[in-house]
Amino acid sequence: MSVDKTTVAKIARLARINVPDERLEPLAAELNGILNWIAELDEVNTDNVEPLASVTGHALPMRDDVVTDGNRLDDVLSNVPEGASGFFVVPKVVE
Amino acid sequence: MSDLLGLNAVAAREALDKKAISSVELTTAYLGAAEATAGLNNYVALTADHALAMAAESDKRIAAGAAGLLEGLPVGVKDLFCTKGISSTACSNILKGFVPPYESTVTANLWAAGGVMLGKLNCDEFAMGSGNETSAYGPAINPWQGKDKVDLVPGGSSGGSASAVAARSALLATGTDTGGSIRQPAAFCGVVGLKPTYGRCSRWGIVAFASSLDQAGPFTRTVADNALMMTAMASHDAKDSTSTQTPLQDLIGAVGDGVKGMKIGVPKEYVMDGMDSEVVTLWEQGQAWLRDAGAELIDVSLPHTKYALPAYYIIAPAEASSNLARYDGVRYGMRVDAETLDGMYEATRAAGFGEEVQRRIMIGTYVLSAGYYDAYYLKAQKVRRLIKGDFDAAFQTVDALLTPATPSAAFPVGRKIDDPVTNFLNDVFTVPANLAGLPGIAVPGGVTSDGLPLGLQVLGRPFDEASLYRVAGVLEQAAGFTMTPARMAGGAA
Amino acid sequence: MSDLVTGRTGDWEVVIGLEVHAQVSSNAKLFSGASASFGSAPNENVSLVDAAMPGMLPVINRECVYQAIRTGLGLKAQINLTSVFDRKNYFYADLPQGYQISQFKDPIVGEGSLRIVMADGSTRDIGIERLHLEQDAGKSMHDQHPTKSYIDLNRTGVALMEIVSRPDMRSAAEAAAYVRKLRSILRYLGTCDGNMEEGSLRADVNVSVRRPGGPLGTRTETKNLNSLRFIQAAIDYEVARQIEIIEDGGAIDQETRLFDTATGTTRTMRSKEDAHDYRYFPDPDLLPMIVTQDEVDALASALPELPDDIRDRLMGEYGLSAYDASVITEERDTARYYEAASDGRDRKLVANWMTVELFGALNKSGKSLENCPISPEKLGELVGLISDGTISGRIAKDVFADMFETGKGAAAIVDEKGLKQVSDSGAIEALIDQVLAANQDKVEDYRGGKDKLFGFFVGQVMKQSGGQANPGMVNQILRSKLDGA
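Residues numbered from 1 in each chain as written. Chains lettered and ligands numbered in written order. Predicted model: local features only at pLDDT ≥ 70, side-chain atom pairs only at ≥ 80, totals over all residues. Heavy atoms only, no water.

## Considering helix α5 (residues 307-318) of chain C
Residue and element names in this part refer to chain C.
Now for step 1: The end-to-end C-alpha separation of α5 is 15 Å, in line with the 16 Å expected for 12 residues at 1.5 Å each.
Now for step 2: Residues of α5 that are buried: P307, D308, I310, R311, L314 and Y318. Viewed along the axis of α5, the buried residues span an arc of 165°, placing them on a single side of the element. Turned more than 90 degrees away from the buried face of α5 sit G316 and E317, all of them exposed.
Now for step 3: Here the buried face of α5 lies against β7 (112-117), β8 (123-135), α2 (172-189), α6 (322-329), α7 (332-342) and α8 (347-365).
Now for step 4: Looking one or two places after α5, you find G319, whose phi comes out positive at around 70°. (Helix = DSSP H or I, 4+ residues; strand = E, 2+ residues; numbered from the N terminus. Expected span 1.5 Å × (residues − 1). Buried < 20%, exposed > 50% of the residue type's maximum accessible area, 1.4 Å probe, protein only. Arc of directions from axis to C-beta. Contact = heavy atoms within 4.5 Å.)

## Focus on the interface of chain B and chain A
Buried accessible area, meaning the area lost when the parts come together, often serves as the stated size of an interface.
Now for step 1: Each partner contributes residues to the interface: chain B has 64 residues there, and chain A has 51 residues.
Now for step 2: Across the chain B to chain A interface the summed buried area is about 5100 Å²; carbon plus sulfur atoms make up 70%.
Now for step 3: Linking chain B to chain A there are seven salt bridges.
Now for step 4: The partner of D342(B) in a salt bridge is R16(A), and the shortest N-O contact between them spans 3.0 Å.
Now for step 5: The dominant element in the side of chain B that touches chain A, judged by the number of residues it contributes, is helix α14 (residues 374-394) of chain B, at 12 residues.
Now for step 6: Within the side of chain B that touches chain A, the residues separate by chemical class into 36 nonpolar, 13 polar and 15 charged. (Buried area = accessible area lost by both parts, 1.4 Å probe. Salt bridge = Lys/Arg side-chain N within 4 Å of Asp/Glu carboxyl O. Nonpolar A, V, L, I, M, F, W, Y, C, P; charged D, E, K, R; others polar.)

## Focus on the interface of chain A and chain C
Now for step 1: Contact residues are listed per partner, giving 38 residues for chain A and 52 residues for chain C.
Now for step 2: With both sides pooled, the region where chain A packs onto chain C buries about 4100 Å², and carbon together with sulfur makes up 61% of that total.
Now for step 3: Summed over the shared surface of chain A and chain C, the number is two salt bridges.
Now for step 4: As a salt-bridge pair, R62(C) and D64(A) come within 2.8 Å of each other at their nearest N and O atoms.
Now for step 5: Taken together, the links from chain A to chain C amount to 23 residue pairs in polar contact (both at pLDDT 80 or more).
Now for step 6: Of all elements in the fold, only α1 (5-14), β1 (62-63), α3 (73-76) and β3 (87-91) of chain A reach the threshold of two or more residues within the side of chain A that touches chain C.
Now for step 7: Its residues assigned to classes, the side of chain A that touches chain C comprises 18 nonpolar, nine polar and 11 charged.
Now for step 8: Relative to strand β3 (residues 60-61) of chain C, β1(A) runs parallel, the two sharing two bridges. Note that in β3(C) the partner of R63(A) across the bridge is N61(C). (Polar contact = N/O pair within 3.5 Å; in protein donor to acceptor, adjacent residues only side chain to side chain. Pairing = 2+ DSSP bridges.)

Next up, the structure:
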């Protein structure tokens, strides 16, 4: 599997990172280097092997339905780049 | 001052309890050391006033006979940990100015045990790197030097932490290990570093890199110090769903237990191409030390070892690409304004993330994307099960494994490489343990002909850190590693 | 009855599937300890986890899981003892994590079914594909400022159940019936309050058309419909739009659309091709979720009786009509009212009085069953007076009106106003004789063949008795006097 300029641009879009045009080819080369090396995994026979999602060996712990958090507007907004009357503020979105 | 700096943590605790020294004196010495070694660029934030205030409180508690496990001991904190009221940036521009209103569970445990925070330590940006060269604050430097006196990397991602402990500008330091980020820098800097079993230390409040692999752990000068610090760091945390309830063993006691009757495995697949011959020699020496101490050395096979690195470099970036999606300029950190929301995201993340981080996010996004998930991510998780299976089988016959920690000694800062893969190979011995969730410790074993430290790694069964400390204790004693780095605070080597 | 739609070139069959998002009734959110309640000041119900601060981690709320299981049981669905949470990755201002925690391949609930009853009484079983748990997103306000949007994360992380139907519906009416029934079940179970205006329940509709017997057509998805009216309107519009495009020789784009409530039309969502690459993978901060069969059994045994079961019981045991049974069981409170009102009374008669008189009066006065002036026991009492012949049905209506206004009991009103029905055959006979005597000409006409005059006599007798004569007796005696003699 290898990526070209167009694919790199698509991935950058998905990842919401602005990659300047002149970086696209070099980045494709770097990514291809990594992807070619990763392809070594194709050598391994994984028929009938289940993916390993968790190494802990325990099942998902659950908590009681009690309100233990919230009411901390100051903390939540403590590092906000731009806010107004308790809201977070971003450039306007058109749906 | 160098007398104070020369005390290891266990000795310092005794001296504090005896009132031979005070925490304020000790902390002042370490703050001075941090300033003196500023050229190593280990500290990204030195919080002197805060440290002295904490030290004063520790002295009060010691006087009242209420000393905690780490009372009065100066600790450096990797900048990946959120420390309340104190800048926490993951060494990234995208978190520039971020001051968390909360404390990570691990560091909260340290302060509850009486630890004194010196400041935040340098690391690779978002923990991505093996040389502390991707930090937005610039590289951290290894206090060890070869004969040519060229600046060397301290390893990564917890480079600042390992370097500070080696340079004696921190008595104890926290690190995190996702693919070797504690063990490899520990080996490069000649200090002791433990990656606990996955789930041993809480991940709450630690900037997430790869959630199924990240673990916090201690950097110290000695194995006994390490057991002490680890005992304070570990806890079950209900705020972390992956946190274990398996009780912690007596780690401090384990250090002196010896290895008589233990079976130690030597995995044959850990002999790799391009490995330094001196690394091989040390490994063989390590086996001899253990044999002399009464352990049985057994050859074992971990057949899927070579696939651990590529599997890791699929899984870790994939999880990271998702974990780093929250750094978007909306609620905290850097924001680059734009006319549209997407424009703001793209500009902010392009300006805020360094090249290595961007590269890994791209790889991660790609391997999870439509059409590639099965071939990459799913495949890697299957290989991961096979790798864990190898270890499970080996641990049927042995209690621990002895391996080299790194394929070579520390390399020069700014080493030019065209191929990102070259850097990945630094992690070849350490990554398998992360994939399998196993504990691993790096202990200094000796130095190269050029005078640079080399480490040995011991891997153990899940939740059996005690066995690691038994083996590490023996190795430490046998190695008699007393060398100190050229750029250590308080005096040259 | 056919639901086919006739186009220019022939008939079309409509295929509809629904994805309903139901907010779980719980105190706290799905993965955070902040409150799940509605209506607080912006960002008050937000924890550090909801705000996706660095290092924050999810911990699941057991009650939300149980609510999902209860709902699954109410939908006669398979409960999956092991299920997995996955991350659905995309960027939006109301999604702080940059991903939504959802369930992709292994949801908590599998296949089930839901029975709908149409207006003509016919029933259909609509298949349920699955139900899964996921986080709700926050709210964006785009109209507070010319160039900026304001974000409130209160709703971020509230538990949602996404209930996916099979594409079994064939008309907008069926779709509406499905949502009504689903809402009813959720409210019965107490797992969701079903308040569509407040956004607790919203539907996405998948619509396609095909020739009867032909292969499935391309479907479109219209999102976030929050009323039955909008659901039907959106479906009708889409069906017409798609038929027109196909008959004109075009093809349907598989896409997501939004419904414009002002114009009653749907339009394409402004989205990019890559918007659909969610890169699902199991959330590594969470482990596979396991519930035990014992837990499920305990939840099952504690479930309230469900509307279908009550409905079957009312029809089977009490002989209620399908319509009455459906109306009465639509809401749990209505069913409860009915049980109390009809206890020891004529079940069918009480049902009739509820569905016609009581609901009529409530509608007219703008009241609901919650603040109804007539208690179930009082309604039962009224019906009892009819059953035992104390008053006629006709008089009962007047009594009812009085009860509704004053809250007084039926017996009291009957006594007060002297409305007891006259069932004394002697008295009635006397009245009838009076009327017949006063209308001899009409009697002749009746006996000569004008049968319709019977009603006139009945009316006169009733009038003479002030409406209190027992109508049945009047009929009987009048008949015998007119025909028999």
